[in-house]
Amino acid sequence: SQWGGLPLTLLLSVFGLAAAYPLGVILALGRQSRMPVVKSLCIIYIELIRGVPLISLLFMSSVVFPLFLPEGVTVNKILRAQAAIILFTAAYIAEVVRGGLQGMSTGQYEAAESLGLNYVQTMRLIILPQALKIVIPPTVSILISAFKDTSLVVIIALYDVLKTTQSVLSDPKWMGYSAEAYIFLAMVYFVCCFAMSNYSRRLEKELDTGL
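What you see is a predicted model; the values in this text were computed from it and never measured.

A. Up close: the pattern of salt bridges. For the structure shown, the criterion picks out five salt bridges. In this structure, glutamate 47 engages arginine 31 in a salt bridge whose closest nitrogen and oxygen atoms are separated by 3.0 Å. Of this pair, glutamate 47 sits in helix α2 (residues 36-50) while arginine 31 sits in helix α1 (residues 6-31); the two residues are 16 residues apart in sequence, bridging distant segments of the chain. Overall, the relative accessible area of 12% leaves arginine 31 in the buried class. Across the pair glutamate 47 and arginine 50 runs a salt bridge, and its minimum N-O distance is 3.9 Å.

Shown next, in the form of structure tokens:
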């Protein structure tokens, strides 16, 4: 009741995308790790999450997860939906980032080793800046898709901007304005998605080194 409508959509999308990106990078690095346990866990997580639709994760966060909590302990439904969106989006970002890491030549690693850099320094200073720049377009595509997928929280009775619009249109006073309402809703999604796409193109130009 306090976070319904557009604020809920923005809350889920902004915090979800902001948290999913670094988690996806960590998962990509884990999948490329030489440590068998870490690599196996990351592979299992990524393939498991990518093998199920977001709707199933939202249902699990809303219905199944509370069953495992101790009696008397509750977690806000919005936080559970937020966690499901973060975990789902991070798995897809991880695969995109992994593609960027695989696109780096062995010469980059050898150059870092010759400079005496350790693994963390190599990734932070040399590999990741180049890899993340390469995968900006597919990463932004995933983030835009994730932003639009936040409308799926309607199935677990969260009143995002879409559900709020539908509930308002059920009022007899607003029944004649359904076309205007959905056109406005489409414009909201378009403006947000276009802004992210436009920013990514500008970021590509700024980071372009001509190589």
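Having seen it, we continue.
B. Main features of the state of the cysteines. This model, assessed by the stated rule, comprises zero disulfides. Cysteine cysteine 192 shares no disulfide, and the gap to the nearest cysteine sulfur, in cysteine 193, comes to 6.7 Å. Cysteine 192 sits in the partly exposed class, given a relative accessible area of 23%. Classification of cysteine 193 as buried rests on a relative accessible area of 12%.

C. Seen up close, the packing of helix α7 (residues 136-149) against helix α9 (residues 178-207). Packing of α7 against α9 brings their axes to within 10 Å, and their N-to-C directions diverge by 165°. Judged by the inter-axis angle, α7 sits roughly antiparallel to α9. Pair α7 / α9 crosses with right-handed handedness. Across the interface between the two elements, Ile136, Pro137, Val140, Leu143, Ile144, Phe147 and Lys148 from α7 touch Tyr189, Cys192, Cys193, Met196, Ser197, Ser200, Leu203, Glu204 and Leu207 from α9. For the contact of α7 with α9, the class distribution of residues is twelve nonpolar, two polar and two charged.

D. Summary view of the layout of surface pockets. Computed from the structure, the largest pocket encloses a volume of approximately 380 Å³. Gln32, Ser33, Arg34, Tyr109, Glu110, Ala112, Glu113, Leu117, Asn118, Tyr119, Thr122 and Met123 are the residues that line the largest pocket. Only α5 (106-114) and α6 (119-134) provide two or more residues apiece to the lining of the largest pocket. When residues of the lining of the largest pocket are assigned to their parent elements, the largest contribution, four residues, is made by α5. Residues belonging to the lining of the largest pocket are distributed by class as follows: five nonpolar, four polar and three charged.

Criteria and cut-off values
- Residues numbered from 1 in each chain as written.
- Predicted model: local features only at pLDDT ≥ 70, side-chain atom pairs only at ≥ 80, totals over all residues.
- Heavy atoms only, no water.
- Salt bridge = Lys/Arg side-chain N within 4 Å of Asp/Glu carboxyl O.
- Helix = DSSP H or I, 4+ residues; strand = E, 2+ residues; numbered from the N terminus.
- Buried < 20%, exposed > 50% of the residue type's maximum accessible area, 1.4 Å probe, protein only.
- Disulfide = S-S within 2.5 Å.
- Axes fitted to C-alpha atoms, helices over the stretch in contact; angles between N-to-C directions.
- Parallel < 35°, antiparallel > 145°, perpendicular 65-115°, else oblique.
- Left-handed = near helix turned anticlockwise from the far one by under 90°.
- Contact = heavy atoms within 4.5 Å.
- Nonpolar A, V, L, I, M, F, W, Y, C, P; charged D, E, K, R; others polar.
- 1 Å grid on protein atoms, 1.4 Å probe; cavity = no way out; pocket = protein on both sides within 12 Å on 5 of 7 lines; lining within 4 Å.
- Points joined across faces, edges and corners; volume = space filled by probe spheres on them.

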